[in-house]
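Remarks on the overall topology
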Amino acid sequence: MADPKGFLNHGREVARTRPVEERVKDWNEVYVPGSLLPIISKQASRCMDCGIPFCHNGCPLGNLIPEWNDYAYREDWSAASERLHATNNFPEFTGRLCPAPCESACVLGINQPPVTIKNVEVSIIDKAWDSGDVRPQIPERLSGKTVAVIGSGPAGLAAAQQLTRAGHTVAVYERADRIGGLLRYGIPEFKMEKRHINRRIEQMRAEGTKFRTGVEIGRDIDAAALRRRYDAVVVAAGATTARDLPVPGRDLKGIHQAMEYLPLSNKVQEGDYVTSPISAKGKHVVVIGGGDTGADCVGTAHRQGAASVTQLEIMPRPGEERNANQPWPTFPMLYKVTSAHEEGGERIYSASTTHFEGDEDGNVQWLHLTEVEFVEGRLTPKPGTERRIPAQLVTLAMGFTGTDQDNGLVEQFGLELDARGNIARDADFQTNVPGVFVAGDAGRGQSLIVWAIAEGRSAARGVDRFLNGASDLPAPIRPTDRALTV
Ligand SMILES: Cc1cc2nc3c(=O)[nH]c(=O)nc-3n(C[C@H](O)[C@H](O)[C@H](O)COP(=O)(O)OP(=O)(O)OC[C@H]3O[C@@H](n4cnc5c(N)ncnc54)[C@H](O)[C@@H]3O)c2cc1C
Ligand code: SF4
C-alpha cells in the first residue's frame, strides 16, 4: 500500500489551471504544464489500504487504482504504467476527460476529500510517454483472420487495439477526414490537445492496425461488400444523431447543433481554416443544454471572442452536496463549475426556450424563454416568467438520440435496435447478425469515454471468441452494466 498515514498527513491538491485571462487567449489545455508531477507522489500516498476498494467498481474499466497509486507514491513510474495499461488502452484520454466516478466511490471520500485518482492516472501516462515506456506491442503471430471496425472513436480504437494485439488483421473505417471520433471533433483542444490522439494512432499503426479515413460504410462501401471482405465487423459508429428543438424560428440563420459548431473550431486548430465558418466573435451567444457538450460550446465561444455567453438548462440547478437519494458510493448529480464556466458567462436553470425571433434578413436575434417548474412530475411553464434574451448565435447541446441511420448502415446489415433505439446486442456484444458486433455509444447510447473504452475492450473479446472459439482477452463490462455511478 502507499503511505499508511498519507491521508492523515496530506490534504487533497489538484492540478492547477492557468489564469483565465491567459488561457482564453489560446487553445492549449487549461492546466499549468508540469504542475502535477511535483505533488503527485503525496497525492497518491493518500490512498489508504481501505480493504475493499470501491473505486474499482466506480471505474467502468475496473482500473487497478490502489495498485498504481502505490507505484506512483514510490515513483516507480514504469510499474505504474504497466498496471494502468493492464485495464485501460488510453489513460491519457480518461486521465484528462473522465468525470472520475471512481473518486465519487473512493472510501476516503466518505468523510474526507477523495484521492485525486484522475490526476494520478494522467501523471502516470504522461510520464510513461515522456520516458519512452509506451511502445508498440506487436503480435508475435497472426491469426489470418480479418476484422473491420466502423468508427474511430474511443470504442472503435480500443476494440481495434485489442484485436490487433490478439493477432487479427484489423482495419478501422472512419467517415471523417481524421481519426478519433468525438475525441477529435467534439472535445475542444483546451480540454485535450489532439497530439495525444496522434501519438496513440502512431503506436497503433506500428502495431499493425490499418486506418481508412473518408470512407462511410453504408454509402462508400456497402455492408455486403464489407462482410465479404472481413471475417468479423465491429460497429463503433457512435450515437451521433443530435436531439433537435422544433420550436418556431428554429430555421433562422445562426442556430446550429453543437456538433456543427464544435468540429469547425477543432478544424481551425488542425490548420484547415484560419477562422471558423461559424464564429462567436462579437456575438451574443446562447448555448441550450447544461451538460458537457454545452460547456464545450461555452469555452469555445469565450475563445472566439463572444460579446456574451449564456447557457440554458431546463432542469433546476443541482445541489452542491450529495442528497439522501445519491449516497456514497454513487456518482451524484452535483452543481459543477467546469473550466469553461470559470472563464465567464451566465448559467440560467429551469429555463425552457419557447421560440426564436430574427431580423428581416432571417438571422436569429432573440431567444424567448420561460421559467419552468415541476408540477405533478412534469416540467411546466411558470406563468408570467416569459422574457427574451439577445441571441445572435445559438448552439443546441441537448444530447443525442442514437446512431446515424441516414447512411444505410443499420438497414444494410439488418441490425435490430433495442427499445431505446440503440443497436441491440447479446452478452458477447454480438448483434442479431452473426459476426457483426457493436461497441460504444452505438450500442449503449450517448455515454462517456471510459464506457466507450470498456465497451471496445469487451466487444474485442466477443469477436476473438467468435473467430477462435475462445479468448484470453479481458471483458471489463457486460452490455447491460449500468454504473453504480454514471
Ligand atoms: C462535445 C462533446 C463533449 C464530450 N465530452 C466528454 C468528456 O469530457 N468526457 C467524457 O467522458 N465523454 C465526453 N463526451 C462523450 C464521449 O465523447 C462519447 O461517449 C464517446 O466519444 C463515444 O465513443 P464512441 O467510440 O462510441 O463514438 P464516437 O466518439 O462518436 O465515434 C464514432 C465514430 O464513428 C464514425 N462513423 C459513424 N458512422 C460511420 C460510418 N457509417 N462509417 C464510418 N465511420 C462512421 C463517426 O464519424 C465517429 O468518428 C462528449 C461528447 C460530446 C459530443
Ligand atoms: S478511467 Fe475514469 S473512473 Fe476509471 S480510474 Fe480513470 S478517472 Fe477514474
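Quick caveat: nothing in here was measured; it's all calculated off a predicted structure.

Taken together, 34 residues form the shell around ligand 1, and within it Leu97, Glu174, Lys191, Ile217 and Asp441 come nearest. The backbone of leucine 97 places a nitrogen or oxygen atom 2.8 Å from a nitrogen atom of ligand 1. Computed on the free molecule, ligand 1 has an accessible area of 1000 Å², of which 96% lies beneath the protein chains in the complex. At the level of elements, helix H10 (154-165), strand S2 (169-174), helix H15 (292-304) and helix H19 (449-468) are the ones that each hand at least two residues to the shell around ligand 1. Ranked by the residues each element gives to the shell around ligand 1, the list is headed by H15, at three residues. Counted by class, the shell around ligand 1 contains 17 nonpolar, ten polar and seven charged residues. Here the shell around ligand 1 gathers at least three residues from each of two domains, domain 2 (146-240 + 401-468) and domain 3 (246-398).

Within the largest apolar cluster, 69 residues are counted, with the highest numbers of intra-cluster contacts made by Trp68, Ile124, Val147, Leu183, Val234 and Val463. Ranked by residues supplied to this core, first place goes to H19 with ten residues. There are two domains that each give this core at least three residues, and those are domain 1 (6-131) and domain 2 (146-240 + 401-468). What valine 147 contacts, discounting residues up to four positions off in sequence, is Leu163, His168, Thr169, Val170, Ala171, Tyr230, Ala232, Val234, Val463 and Leu467. Counting 22 residues, the second-largest nonpolar core is a separate cluster that includes Leu226, Tyr230, Val433 and Ala442.

Right, let's talk about the domain arrangement of the chain for a bit. Under the domain assignment used here, the chain contains domain 1 (6-131), domain 2 (146-240 + 401-468) and domain 3 (246-398). Just the C-alpha atoms count here: the centres of domain 2 and domain 3 sit 30 Å apart. Listed by partner, the interface residues are twelve residues for domain 2 and twelve residues for domain 3. Buried surface at the junction of domain 2 and domain 3, summed over both partners, amounts to about 1100 Å²; 50% is from carbon and sulfur atoms. Per-residue buried area on domain 2 facing domain 3 is highest for Arg178, Tyr185 and Phe190; these three make up 50% of the total on that side. Run the count over domain 2 and domain 3 and you get five salt bridges. Put simply, domain 2 and domain 3 have seven residue pairs in polar contact (both at pLDDT 80 or more) between them. Grouping the constituent residues of the side of domain 2 that touches domain 3 by class yields five nonpolar, one polar and six charged.

Across all of its chains, the model carries six aromatic pairs by this definition. Seen in terms of ring centroids, phenylalanine 54 and tryptophan 328 are 4.8 Å apart; in terms of plane orientation they differ by 50°. Their pairing is tilted. Taken together, the residues phenylalanine 54 in helix H4 (residues 54-58) and tryptophan 328 in the loop between strand S8 (308-312) and helix H16 (339-342) connect sequence positions 274 residues apart. The exposure class assigned to phenylalanine 54 is partly exposed, which follows from its relative accessible area of 30%. The exposure class assigned to tryptophan 328 is partly exposed, which follows from its relative accessible area of 24%.

Okay, the site of ligand 2 next. Around ligand 2, the neighbouring residues are Cys59, Asn63, Ile65, Thr94, Cys98, Ala100, Pro101, Cys102, Ile117, Lys118, Glu121 and Val450. Every element with two or more residues in the shell around ligand 2 is listed here: helix H8 (101-104) and helix H9 (117-130). The element that contributes the greatest number of residues to the shell around ligand 2 is H9, accounting for three residues. Residues belonging to the shell around ligand 2 are distributed by class as follows: eight nonpolar, two polar and two charged.

A sheet is described by the order of its strands in space; here five strands give the open sequence S3-S2-S1-S4-S16, paired in parallel fashion. Since the sheet does not close on itself, it has two edges, and those belong to strand S3 (210-213) and strand S16 (436-438), each with one partner. Looking at each pair of strands side by side, their axes are set apart by 20° on average, direction ignored. Sheet strands in contact with H10 are strand S1 (146-150), S2, S3 and strand S4 (232-235), and its direction is about 165° off that of S2. Contacts between H19 and the sheet are confined to S1, S4 and S16, with S16 contributing the most and set at about 165° to the helix.

Conventions we followed
Residues numbered from 1 in each chain as written. Chains lettered and ligands numbered in written order. Predicted model: local features only at pLDDT ≥ 70, side-chain atom pairs only at ≥ 80, totals over all residues. Heavy atoms only, no water. Near = heavy atom within 4 Å. Polar contact = N/O pair within 3.5 Å; in protein donor to acceptor, adjacent residues only side chain to side chain. Areas by Shrake-Rupley, 256 points an atom, 1.4 Å probe, with all protein chains shown as cover. Helix = DSSP H or I, 4+ residues; strand = E, 2+ residues; numbered from the N terminus. Nonpolar A, V, L, I, M, F, W, Y, C, P; charged D, E, K, R; others polar. Domains from an automatic or database assignment. Core = buried A, V, L, I, M, F, W, Y, C linked by side-chain atoms within 4.5 Å. Buried < 20%, exposed > 50% of the residue type's maximum accessible area, 1.4 Å probe, protein only. Contact = heavy atoms within 4.5 Å. Buried area = accessible area lost by both parts, 1.4 Å probe. Salt bridge = Lys/Arg side-chain N within 4 Å of Asp/Glu carboxyl O. Phe/Tyr/Trp six-rings, centres within 6.5 Å; stacked < 30°, edge-to-face > 60°. Pairing = 2+ DSSP bridges. Axes fitted to C-alpha atoms, helices over the stretch in contact; angles between N-to-C directions.

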